[in-house]
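Next come the chains, spelled out residue by residue.
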Amino acid sequence: MTMDVTIYHNPACGTSRNTLALIRHAGIEPTVIEYLKNPPSREALEKMIADAGLTVRATLRQKGTPYAELGLDDAGLSDDQLIDAMMEHPILINRPFVITPLGTRLSRPSEVVLEILPQEGLTTAFSKEDGEKVLDEKGQRIG
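A brief structural summary. (Residues numbered from 1 in each chain as written. Predicted model: local features only at pLDDT ≥ 70, side-chain atom pairs only at ≥ 80, totals over all residues. Heavy atoms only, no water.)

Focus on the overall build of the protein chain
(1) Moving on: Helices and strands together make up the secondary structure of the protein chain, namely three helices and six strands.
(2) Moving on: Across the protein chain, helices and strands are ordered from the amino to the carboxyl terminus as β-α-β-α-α-β-β-β-β.
(3) Moving on: When the backbone C-alpha atoms are referred to their principal axes, the protein chain occupies close to 50 × 30 × 25 Å.
(4) Moving on: Put simply, of all contacts in the protein chain between residues at least 6 apart along the chain, 58% involve residues at least 24 apart.
(5) Moving on: Entry remark: accessible area of the protein chain is about 7300 Å², with carbon and sulfur atoms responsible for 49%.
(6) Moving on: Across the protein chain, the centroid of the 15 positively charged side chains sits 5 Å from that of the 21 negatively charged ones. (Helix = DSSP H or I, 4+ residues; strand = E, 2+ residues; numbered from the N terminus. Contact = heavy atoms within 4.5 Å. Areas by Shrake-Rupley, 256 points an atom, 1.4 Å probe, with all protein chains shown as cover. Lys, Arg positive; Asp, Glu negative; His and termini not counted. Charge placed at Lys NZ, Arg CZ, Asp CG, Glu CD.)

Some points on the pairing of strand β3 (residues 97-100)
(1) Moving on: Bridge count for strand β1 (residues 6-9) against β3 is three bridges, and the pairing is antiparallel. Among the inter-strand pairings, T6 is bridged to a residue of β3, identified as I99.
(2) Moving on: Strand direction decides the pairing type here: β3 and strand β4 (residues 103-106), joined by four bridges, are antiparallel. Each residue of the ladder has a partner; that of T100, found in β4, is G103.
(3) Moving on: Where β3 folds back onto β4 in an antiparallel hairpin, the turn is made up of two residues. (Pairing = 2+ DSSP bridges.)

Remember, this is a structural readout, not a statement about activity or role.
Spelled out as structure tokens, the structure:
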């Protein structure tokens, strides 16, 4: 299937790997951007956040990042200050962001990506790395 899909991916992240696998399961080979090596521009990050309908704070990753050390839990920090921190420390950008012609999503959990993939490409069962079933044998979402 031909569809322009981009995933901001971290191969060390299980959720990101499962999301990438779901995209490929739909028959799409996406553009994979390892965002820790090639972070998005400030403008691209701001657009992804807006297009996904999220707040800047909702896209901050806390676990395994310098979030606490940088005092990013301070509710008084502006969106610009939070984005400044994400630009300086890309590990703070939660992942995986996926962009398709059908929308942009922060795919946490990974099956959120199904909202922006064409359903006709999903015709068989799919399970996550941990064995959790996401699609049944007809490609229908479980749960």
